[in-house]
Amino acid sequence: MTKKQRKVLIRIIISAVLVVVFSLISVENQYLRLAMFLIPYLIIGYDILKKAVYGIFNGQVFDENFLMALATVGAIILGEYVEGTAVMLFYQIGELFQSYAVGKSRRNISALMDIRPDYANIEQDGQLEQVDPDDVEIGSTIVVQPGEKIPIDGIVVSGSSTLNTSALTGESLPREVYKGDEVISGCVNLSGLLYIETTREFGESTVSKILDLVENSSMKKSKSENFITRFAKYYTPAVCIGALALAVLPPLVNLLLGNPAEWSQWVIRALTTLVISCPCALVISIPLSFFGGIGGASSKGVLVKGANYLEALSETKYVVCDKTGTLTKGVFEVTHLESAEGIAEEELLEMAAYAESYSNHPISRSLKEAYHKKTGRQIDASRVTNVEEISGHGVSAVVDGRNVSAGNVKFMEKLKISYMLPQKTGTEVHVAIDGKYAGYILISDLVKPTAKAAIAGLKAAGIKQVIMLTGDARNVAEAVAAEIGVDVVKSELLPADKVAEVEHLLAAKSDRERLAFVGDGINDAPVLSRADLGIAMGALGSDAAIEAADIVLMDDDPIKIATAMNISRKTLRIVHQNIVFALVVKFSCLGLGAVGFVNMWWAIFADVGVMIIAVLNATRTLKS
Amino acid sequence: MKKTYKIEVDCAACAAKMEDAAKKTAGVKDATVAFMPQKMKVEFDEGADVASVMAEVLKNCKKVESDCEIFLS
């Protein structure tokens, strides 16, 4: 508890004790009784009264201080001393609880995001010295001991260690780093001593960027928040005017009809409605819910740049994914070998790897890698001569004195060699040795292990359609789509086609539905910003993606898209629950209060009780 | 130019009032108050004197919410 809160608590206790004691003593003299109850009333309510008066002078007439002051002063004038003081007392208890609960969840969330390094170690004359990370220049060497956070992005110049990246990515598996590896700030060094040459200033480092992004996220307000702020602006004055009408009109009508006016009864009803109508429950619980949702998401490695984006994510019905690097690993691997009769698989792979050995194309590299994996041998360049690349077809070379041709179907047709048709999809490399068909090798981009579960998770979260866009060949794209359960696939697209495709989808959907684009941030910044919601994944260290996207997944696991979706939907569900709950309770109490079925005690519940329940409900967004 | 300040304010409604007050201050192009992280972001007009504008912002905020605080350092 802060000092301010403790002071309020003491005031609450003193005044509560006084109210209880005074209501047990029976005093005949009304003036003496009034004087007695004014003591606890002023102890608990002086600041509210002061603010109410102050507000009137500064043109802030109808705020909740004014509501409370008017209601309690009115009750006291009518002789309801206990009720008047109690309303003020419970109002203060509610306020105290709210500020305590909000303060606590704020600290919890800040702790989740506590990745700010406080210092950097610099070696001077063999001694480690702690300096402010802001003062470290680019190119300096910093020392990170086991257990410390890496304060600034850089490259390991000596030492090796394992890093815990969970604060950044939510990924619990430690990452190993060796000399020459790039490391990013915010990771915790687990085992060995690391010497790191910094490549950025502290302010430009990953950790600073992320903190900046998270701290600014609450500046971007959601529609719900804006709605409530606007709502409160008109609601409070409207309620005050309504209460005034309730206090004055029915007695006047009674007088006109020749009945007794019953002033005090109607004034009490008016005061009760004032207490009920306080909008605190909404005003406080909604930003708290969003703040909790954003905090909870960031602890899972999902950075949401604003409450509005969290809201948009929950309204998303269409997810457009890039293929390479998003749903697939973006790394080519040999997935299948099929040799012709009389040729060993190993021989097929060896000949293909040698023929392609001079190229640096991803396909050649994957062949060399597969050869190395299978045999443990490296390519011996002296065995290859007469390499000739035939553009758009393949390569021919002489390996160990044999003529090897490796390439696509067109190449085989050009050489008039009959070939086998693969059963599976992938990029095909057909091989012929001395003019005779030797078999084919399939190379594909591997689907990420969680891609299928991610798509299923999105569907479960209410996504209508998952669309995959790719520049790849049609058969490859369709095979991947079928494997992971994507609904629609558009293949053989150029980068510009992707934007057009997204625009087409945007035009086709209804206005209330949102479209999110998920990409790895490489080459797709235009699409990221064109979609309703841009989600970049594997964005650690990629500034362009962090800039362009609205939601950033810190690692490249597609299952995080579904995680983010679930967090957003849960947050919005809680927000809607609170709005509906608070409004229903308040309006039904208002209605009942106006006709006299609700007394002051019920009114206190409708105000303070509802607020406490709404705040407790809002804190659930933190948990997942 | 934009600057972010740490603030102290007790309730979200009060934060909204501060935002309104700050926006109306001369020299302020736009202002946002975030209750949860207790921060105020102010965008100043071209060529505005930050120190004097912020003194005015603080004065206006105090008018609408007497026990708020803006840390101007």
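Residues numbered from 1 in each chain as written. Chains lettered and ligands numbered in written order. Predicted model: local features only at pLDDT ≥ 70, side-chain atom pairs only at ≥ 80, totals over all residues. Heavy atoms only, no water.

Peer 1: Could you clarify how one ought to interpret the overall build of chain A in this entry?
Peer 2: Along its length, chain A carries 20 helices and 22 strands. Computed over its C-alpha atoms, the radius of gyration of chain A comes to 35 Å, more than 25% above the 25 Å expected for a compact globule of 624 residues. Principal-axis analysis of the C-alpha atoms places the extent of chain A at approximately 120 × 70 × 35 Å. The 624 residues of chain A split such that 50% are buried. Excluding contacts between residues fewer than 6 apart, the proportion of contacts in chain A whose partners are at least 24 apart in sequence is 66%. Counting every atom, chain A has about 28400 Å² of accessible surface; 57% of that belongs to carbon and sulfur. The distance from the centre of the 58 positive side-chain charges to the centre of the 69 negative ones in chain A is 8 Å. (Helix = DSSP H or I, 4+ residues; strand = E, 2+ residues; numbered from the N terminus. Rg over C-alpha atoms; globule rule 2.2 N^0.38 Å. Buried < 20%, exposed > 50% of the residue type's maximum accessible area, 1.4 Å probe, protein only. Contact = heavy atoms within 4.5 Å. Areas by Shrake-Rupley, 256 points an atom, 1.4 Å probe, with all protein chains shown as cover. Lys, Arg positive; Asp, Glu negative; His and termini not counted. Charge placed at Lys NZ, Arg CZ, Asp CG, Glu CD.)

Peer 1: Even after reading the chapter, I still don't get the interface of chain B and chain A, so can you show me in this structure?
Peer 2: Reports often express the size of an interface as the amount of accessible area lost when the parts come together. Chain B puts 26 residues into the contact, and the matching count from chain A is 22 residues. With both chains or domains summed, chain B and chain A bury close to 2100 Å², and 59% of this area falls on carbon and sulfur atoms. Contact with chain A buries area across many residues of chain B, yet B:Lys17, B:Met36 and B:Lys63 alone supply 27% of it, more than any other trio. Seen at the junction of chain B and chain A, the total is 1 salt bridge. Our count for the chain B to chain A interface comes out at 0 residue pairs in polar contact (both at pLDDT 80 or more). Mapped by element, the contributors of at least two residues to the side of chain B that touches chain A are strand 1 (2–8), helix 1 (12–24), strand 2 (28–34), strand 3 (39–44) and helix 2 (50–64) of chain B. Top element by residues in the side of chain B that touches chain A is helix 1 of chain B. It accounts for 6 residues. (Buried area = accessible area lost by both parts, 1.4 Å probe. Salt bridge = Lys/Arg side-chain N within 4 Å of Asp/Glu carboxyl O. Polar contact = N/O pair within 3.5 Å; in protein donor to acceptor, adjacent residues only side chain to side chain.)

Peer 1: I'm lost on the sheet that holds strand 1 (residues 120–124) of chain A in this one. Help?
Peer 2: Two modes of strand pairing occur in sheets, parallel and antiparallel, and in both the strands are linked by backbone hydrogen bonds. Residues and elements named next belong to chain A. Strands sit in the order 2-1-3-9-4-7 across an open sheet of 6 strands; the sheet is antiparallel. Only two strands of the sheet have a single partner each, and these edge strands are strand 2 (127–131) and strand 7 (182–183). Bridge count for strand 3 (residues 141–144) against strand 9 (residues 194–198) is 4 bridges, and the pairing is antiparallel. Looking at strand 9, one finds that Val143 is bridged to Tyr195. (Pairing = 2+ DSSP bridges.)

Peer 1: What's the story with unusual backbone geometry in this structure? I'm lost.
Peer 2: Across residues other than glycine, the phi torsion is negative in most instances, and most of the peptide bonds are trans. Residues and elements named next belong to chain A. Phi is positive for Lys416, close to 55 degrees, though the residue is something other than glycine. Assignment of secondary structure puts Lys416 in the loop between helix 13 (409–414) and strand 16 (427–433). For Lys416, a relative accessible area of 75% corresponds to the exposed category. Positioned with a positive phi, Asp434 is a non-glycine residue whose angle comes to about 50 degrees.

Peer 1: For this particular structure, what's the right way to read the packing of aromatic side chains?
Peer 2: Aromatic ring pairs: the centre-centre distance and the angle between the two ring planes describe each pair. Residue and element names in this part refer to chain A. Under the defined criterion, the tally for this structure stands at 5 aromatic pairs over all chains. Against the face of Trp266 rests Arg269, its NZ or CZ located 4.4 Å from the ring centre. Arg383 extends its terminal NZ or CZ atom over the ring of Tyr354, reaching a point 4.4 Å from the ring centre. (Phe/Tyr/Trp six-rings, centres within 6.5 Å; stacked < 30°, edge-to-face > 60°. Lys NZ or Arg CZ within 6 Å of the ring centre and 35° of its normal.)

Peer 1: Would you explain the layout of surface pockets in this entry?
Peer 2: One way to see where empty space is left: roll a probe the size of a water molecule over the atoms. Empty space within the second largest pocket amounts to approximately 1100 Å³. Surrounding the second largest pocket, 48 residues form its lining, A:Thr229, B:Ala13, B:Ala16, B:Lys17 and B:Asp20 being those nearest its centre. Mapped onto the lining of the second largest pocket, the elements with two or more residues apiece are helix 7 (223–256) and helix 9 (280–298) of chain A together with helix 1, strand 2 and helix 2 of chain B. For the lining of the second largest pocket, the leading source of residues is helix 1 of chain B, giving 10 residues. A breakdown of the residues in the lining of the second largest pocket according to their chemical character gives 27 nonpolar, 9 polar and 12 charged. (1 Å grid on protein atoms, 1.4 Å probe; cavity = no way out; pocket = protein on both sides within 12 Å on 5 of 7 lines; lining within 4 Å. Points joined across faces, edges and corners; volume = space filled by probe spheres on them. Nonpolar A, V, L, I, M, F, W, Y, C, P; charged D, E, K, R; others polar.)

Peer 1: What exactly am I supposed to notice about the sheet that holds strand 1 of chain B here?
Peer 2: Residue and element names in this part refer to chain B. Read from one edge to the other, the open sheet built from 4 strands follows the order 2-3-1-4, with strand pairing classed as antiparallel. Of all the strands in the sheet, the pair left with one neighbour each is strand 2 and strand 4 (69–71). Here the average twist between neighbouring strands, direction ignored, is 30 degrees. Pairing between strand 1 and strand 4: 3 bridges, direction antiparallel. Across the sheet, the residue bridging to Lys6 is Phe71, located in strand 4. Its contacts with the sheet put helix 1 on strand 1, strand 2, strand 3 and strand 4, and the angle it makes with strand 2 is roughly 170 degrees. (Axes fitted to C-alpha atoms, helices over the stretch in contact; angles between N-to-C directions.)

Peer 1: How should I be thinking about empty space enclosed by the protein in this particular structure?
Peer 2: Summed over all chains, the structure comprises 4 cavities of 30 Å³ or more. Reported here for the second largest cavity is a volume of approximately 70 Å³. For the second largest cavity, the full set of lining residues is A:Glu64, A:Glu95, A:Gln98, A:Pro279, A:Cys280, A:Val283, A:Ile284, B:Cys11, B:Ala12 and B:Ala13. Put simply, the parts of the chain that give the lining of the second largest cavity at least two residues each are helix 4 (81–112) and helix 9 of chain A together with helix 1 of chain B. When residues of the lining of the second largest cavity are assigned to their parent elements, the largest contribution, 3 residues, is made by helix 9 of chain A.

Peer 1: Whenever I open this one, the nonpolar core confuses me. Can you help?
Peer 2: Soluble globular proteins: nonpolar side chains tend toward being buried together. Formed by 135 residues in total, the largest nonpolar core has its most connected members in A:Ile551, B:Met18, B:Met40, B:Met54, B:Val57 and B:Ile70. Broken down by element, this core gets its largest block of residues, 13 residues, from helix 19 (residues 559–594) of chain A. In contact with B:Met18, not counting residues within four places along its chain, are B:Ile7, B:Val9, B:Val33, B:Met40, B:Cys61, B:Val64, B:Cys68 and B:Ile70. Counting 42 residues, the second largest nonpolar core, distinct from the first, contains A:Val183, A:Ile184, A:Val207 and A:Leu493. (Core = buried A, V, L, I, M, F, W, Y, C linked by side-chain atoms within 4.5 Å.)

Peer 1: What is the right way to look at the side chain of A:Ser161 in this model?
Peer 2: All names here are of chain A. With respect to the helices, strands and loops of the structure, Ser161 is situated in strand 5 (residues 161–164). Using a relative accessible area of 7% as the deciding quantity, one classes Ser161 as buried. A distance of 3.3 Å separates polar atoms of two side chains, one belonging to Ser161 and the other to Ser191.

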